[in-house]
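Okay, here's what each chain looks like letter by letter:
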Amino acid sequence: MKVMFIVYHDLQTEARSQEILECAKKLGDKTILVSYSKPKEESNCKCIVTGNGKRNYIDFIRQSIKAIKKENPDVVILHDYYTAVILRWIKKHRKNIFVIYDSSELYLEIKRDSLKNFIAGHMNYFEKKYLKFADVVISANIERANIMKKYFQLKEIPIVFDNVHRIDDSYNLVECEKKYGKFFKKDTFCIVYAGGIFKQRLTLNLAKAVGELGGKYCLIITGNSDEKEKKNLDMMLKKYGYTNVYYLGFVPRSELRYLFRKADISVSIFQQDTVNNKYCASGKLYESLFEGTPVLTSENPPLKRLCDEKKIGVSTSNFKEGILELEKNYDFYYKNVISFTKSLDVKDRIDILVKNLREKMKNKIV
């Protein structure tokens, strides 16, 4: 059986795409990857690179359809709404192909107030109109799965494949100590937030909360940001005289692992302004937990559910109180994190997904 995986994400950094590729390889005898990005390592599959290795959406779509025509796969796995127009083409021209659609994001309504959002709205239109024709849909958590079944008029509830990611990259301890050791003092409660500086991720709210707690607390922010957002953070820190908040920018995954492991707690927070944000599916939260680090989260339903059920952190809209609660009862949350992560098998998740997909496919593919 020939399986084609079509994805418009960076296979070097995007963990979910890497996992779906592994699923594709286990699902069929021959695997073909179509993307602008190649995996970090040799992946035992045929790679069709679009856009000369760079993001070029038009070429990505064109090359994807060309690849389907040439390779004639039995199964096509499409990833996120970037590929929704390809789903439309398959259902019009290759009805015999079994289509699996993986949704890691959930954008239901997009305001077309810029060129970027106009293009996104176009993709969203095709997803809404054609997703019901996919043979199987995969969602990132149960909350999203329930919403998607109703919104997209699906016959069945999507298969849930959570973003339970772990960083396995090894880091150079000596180099990391040189770069970051100064932040982790014995008398300082250290907090790591890997979401960058974005308004919708409440970064400034978090920074203000830690700033108000004073010098015995430290916030390290990593991840991407644009100059405007960075300037807003700098202005706020200067205005209030906070000296315990540090923005490090993008750091490699191996070094992020070190930061998670050394921190007292990590943070996963989102606004509740859109469906995608409200029902977030954060992989970095799990990456932190696998390093034995409790979490502070906002009250978004998936995050609150995890904190309430597993007691691995605090879900609250008052970040200052949440930090103090975690500090006060640290041993309780730490022990629960260790117990919870021991119950998770990252690799087994992919095998379970493969098994579920084969069950769906057995009556449709000979």
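Check the entry above for the structure.
Rules and cut-offs
- Residues numbered from 1 in each chain as written.
- Predicted model: local features only at pLDDT ≥ 70, side-chain atom pairs only at ≥ 80, totals over all residues.
- Heavy atoms only, no water.
- Pairing = 2+ DSSP bridges.
- Helix = DSSP H or I, 4+ residues; strand = E, 2+ residues; numbered from the N terminus.
- Contact = heavy atoms within 4.5 Å.
- Axes fitted to C-alpha atoms, helices over the stretch in contact; angles between N-to-C directions.
- Right-handed = clockwise from strand over helix to strand, strands pointing away.
- 1 Å grid on protein atoms, 1.4 Å probe; cavity = no way out; pocket = protein on both sides within 12 Å on 5 of 7 lines; lining within 4 Å.
- Points joined across faces, edges and corners; volume = space filled by probe spheres on them.
- Nonpolar A, V, L, I, M, F, W, Y, C, P; charged D, E, K, R; others polar.
- Buried < 20%, exposed > 50% of the residue type's maximum accessible area, 1.4 Å probe, protein only.
- Polar contact = N/O pair within 3.5 Å; in protein donor to acceptor, adjacent residues only side chain to side chain.

Novice: Pulling in residues and values, what's your account of the sheet that holds strand β4 (residues 75–79)?
Specialist: The strand order across the open sheet formed by 7 strands is β3-β2-β1-β4-β5-β6-β7, and the pairing between neighbours is parallel. Lying at the two open borders of the sheet, with one neighbouring strand each, are β3 (46–49) and β7 (159–160). Here strand β1 (residues 2–7) runs beside β4; their pairing, made up of 5 bridges, is parallel. Paired with valine 7 across the two strands is histidine 79, which belongs to β4. Across the sheet, helix α1 (residues 15–27) is in contact with β1, β2 (30–35), β4, β5 (98–103) and β6 (136–139); its angle to β1 comes to roughly 170°.

Novice: Give me the lowdown on the pairing of strand β10 (residues 245–249), citing residues and values where you can.
Specialist: With 4 bridges joining them, strand β9 (residues 217–222) and β10 adopt parallel strand pairing. From the neighbouring strand, isoleucine 220 faces β10, where its bridge partner is tyrosine 246. Taking the sense of rotation as the criterion, the β-α-β connection linking β9, helix α8 (residues 227–240) and β10 turns out right-handed.

Novice: If you had to explain the layout of surface pockets to someone new, which residues and values would you point to?
Specialist: Quantified by volume, the second largest pocket comes out at close to 750 Å³. As for the second largest pocket, its lining consists of 22 residues, and the residues nearest its centre are Gln18, Glu19, Glu22, Lys40 and Asp168. Elements with a contribution of two residues or more to the lining of the second largest pocket: α1 and α15 (346–361). Sorting elements by how many residues they give to the lining of the second largest pocket places α1 first, with 7 residues. Of the residues in the lining of the second largest pocket, the class split is 7 nonpolar, 3 polar and 12 charged.

Novice: Give me the sheet that holds strand β13 (residues 313–315): which residues, what numbers.
Specialist: Across the sheet, 6 strands lie side by side as β10-β9-β8-β11-β12-β13; this open sheet has parallel pairing. With partners counted over all chains shown, the strands left at the sheet margins are β10 and β13, one partner each. Ignoring which end each strand starts from, the neighbouring axes of this sheet average 20° apart. Helix-sheet contacts for helix α13 (residues 319–328) involve β8 (189–193), β9, β11 (265–268), β12 (295–297) and β13, and the interaxial angle to β12 is about 155°.

Novice: Before we move on, can you summarise unusual backbone geometry with the specific residues and values?
Specialist: Positive phi, normally seen in glycine, also occurs at asparagine 72, with a value near 50°. Counting through the fold element by element, asparagine 72 comes out in the loop between α2 (57–71) and β4. With phi around 55°, glutamine 153 is a residue other than glycine that occupies positive phi space. Position of glutamine 153 among the secondary structure elements: in the loop between α5 (142–151) and β7.

Novice: Talk me through the side chain of threonine 83; I want residue IDs and the actual numbers.
Specialist: For threonine 83, the position within the fold is in the loop between β4 and α3 (84–93). According to the relative accessible area criterion, threonine 83 is buried, its value standing at 0%. A polar side-chain atom of threonine 83 sits 3.4 Å from the main-chain amide nitrogen of histidine 79. If we ignore the near neighbours within four places in the chain, the residues touching threonine 83 are Ile6, Phe60, Leu78 and Tyr101.

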